[in-house]
Amino acid sequence: MKAPRTTAAIISQTEQDGWFGLIYAQAAMRSRIEAVLMERHRLSFSAFEILCRLKDLEPQPVRSLASELVTVSPTRASRLVQDLIDAGHLVRGANQGDGRISLISLTEDGRRYIQTVARTFEESIKKFFVDPLDADDIAALVRIWQKLEASED
């Protein structure tokens, strides 16, 4: 996909192409992986991200969970959480310290489900990301991410 052209002269066309290349690559990877997740598990990439976040740290209030998500707005996160509860993968519980806050956790079925879906996710990453690149490409991407993350501070 060709990057759009702007008339601004603050960054070079190569810098602009690099920016759009990063955005297009992210969108393409997500789309490809989501297609596999939907086909095999009827699960969106965003719902998968919610399950992964809970696997790493549970229970969590929906608001805290939503603030950590990369691919989901807080409003959509609430709807996805409810869908995952309805599917039996998550359960809502009370916060003992503040009864107004509900905590979200994985069910036993959800723990088994995330293991199965995680395998599909890793296979997809291997197929669409790891296999087309070599070790130097991946190391360069890691270095780039570290530089961009450090520039946030």
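Just so you know, these numbers come straight off a predicted model, no measurement behind them. (Residues numbered from 1 in each chain as written. Predicted model: local features only at pLDDT ≥ 70, side-chain atom pairs only at ≥ 80, totals over all residues. Heavy atoms only, no water.)

Participant: So what's going on with the overall build of the chain? Residues and values would help.
Facilitator: Within the chain, the regular secondary structure consists of 6 helices and 3 strands. For the chain, the succession of helices and strands along the chain, N to C, is α-α-β-α-α-β-β-α-α. Buried positions account for 30% of the 153 residues belonging to the chain. Taking contacts inside the chain between residues at least 6 apart in sequence as the whole, the part at least 24 apart equals 45%. (Helix = DSSP H or I, 4+ residues; strand = E, 2+ residues; numbered from the N terminus. Buried < 20%, exposed > 50% of the residue type's maximum accessible area, 1.4 Å probe, protein only. Contact = heavy atoms within 4.5 Å.)

Participant: So what about the sheet that holds strand 3 (residues 102-106)? Which residues, and what values?
Facilitator: The strands that make up a sheet are held in pairs by hydrogen bonds between backbone atoms, and each pair lies either parallel or antiparallel. On the basis of which strands lie adjacent, the open sheet formed by 3 strands has the order 1-3-2 and antiparallel pairing. Looking at which strands have only one partner, the edges of the open sheet turn out to be strand 1 (60-61) and strand 2 (90-94). In this sheet, strand 3 lies alongside strand 1 in antiparallel orientation, the contact comprising 2 bridges. By the bridge assignment, proline 61 is partnered in strand 3 with leucine 103. In this fold helix 2 (residues 45-56) packs onto strand 1, strand 2 and strand 3, with an angle of close to 95° to the strand it touches most, strand 3. (Pairing = 2+ DSSP bridges. Axes fitted to C-alpha atoms, helices over the stretch in contact; angles between N-to-C directions.)

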